[in-house]
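Fold and contact review
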Amino acid sequence: QVQLVESGGGLVQAGGSLRLSCAASGRTFSRYTMAWFRQAPGKEREFVAAISRSGANTYYLDSVKGRFTISRDNAKNTVYLQMTSLKPEDTAVYYCAAGYDSGISYYTVARYDFWGQGTQVTVSS
């Protein structure tokens, strides 16, 4: 079992930047693939980015490639999402997720076993 707590959300103007953090409890953080998803009002939860257990491999939603960077610090039990060149369409609640290794695609909700409570990101035009 792991508990995830996101922070770093807020209101920013278009073109601005934010860095989200997700702190995990427990001593097994390095066993989990970590990911960020987002959910806008009236829409389904959407994959944003994922990072492998060691941090060697990363995966991104096409629309955030080149703007967002996912990273992790296993010594600090924390995963980050650096967001730059933010657009109004990035507005959503952002969720951190952790999952055991499985054959399920990184890009799907079902891949992940634990979720944070979410942090709001609002980008004004």
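The preceding data block contains the structure.
This write-up is about the structure you can find in this document. Source: prediction; values computed, not measured.

**Considerations on the pattern of salt bridges**
As enumerated under the stated definition, the model contains six salt bridges in all. Note that Arg 38 is salt-bridged to Glu 46, the shortest N-O span being 2.8 Å. Classification of Arg 38 by relative accessible area gives buried; the value is 6%. In this structure, Lys 65 and Asp 62 form a salt bridge, with 3.1 Å as the shortest nitrogen-oxygen distance. The exposure class assigned to Asp 62 is exposed, which follows from its relative accessible area of 60%. Residues joined by salt bridges that share partners form a network here, namely Arg 38, Glu 46, Arg 67 and Asp 90.

**Quick notes on the environment of Lys 43**
For Lys 43, the position within the fold is in the loop between strand E4 (33–39) and strand E5 (46–51). Between the alpha carbons of Lys 43 and Ala 92 there is a distance of 9.6 Å; along the sequence they are 49 residues apart.

Thresholds applied
Residues numbered from 1 in each chain as written. Predicted model: local features only at pLDDT ≥ 70, side-chain atom pairs only at ≥ 80, totals over all residues. Heavy atoms only, no water. Salt bridge = Lys/Arg side-chain N within 4 Å of Asp/Glu carboxyl O. Buried < 20%, exposed > 50% of the residue type's maximum accessible area, 1.4 Å probe, protein only. Helix = DSSP H or I, 4+ residues; strand = E, 2+ residues; numbered from the N terminus.

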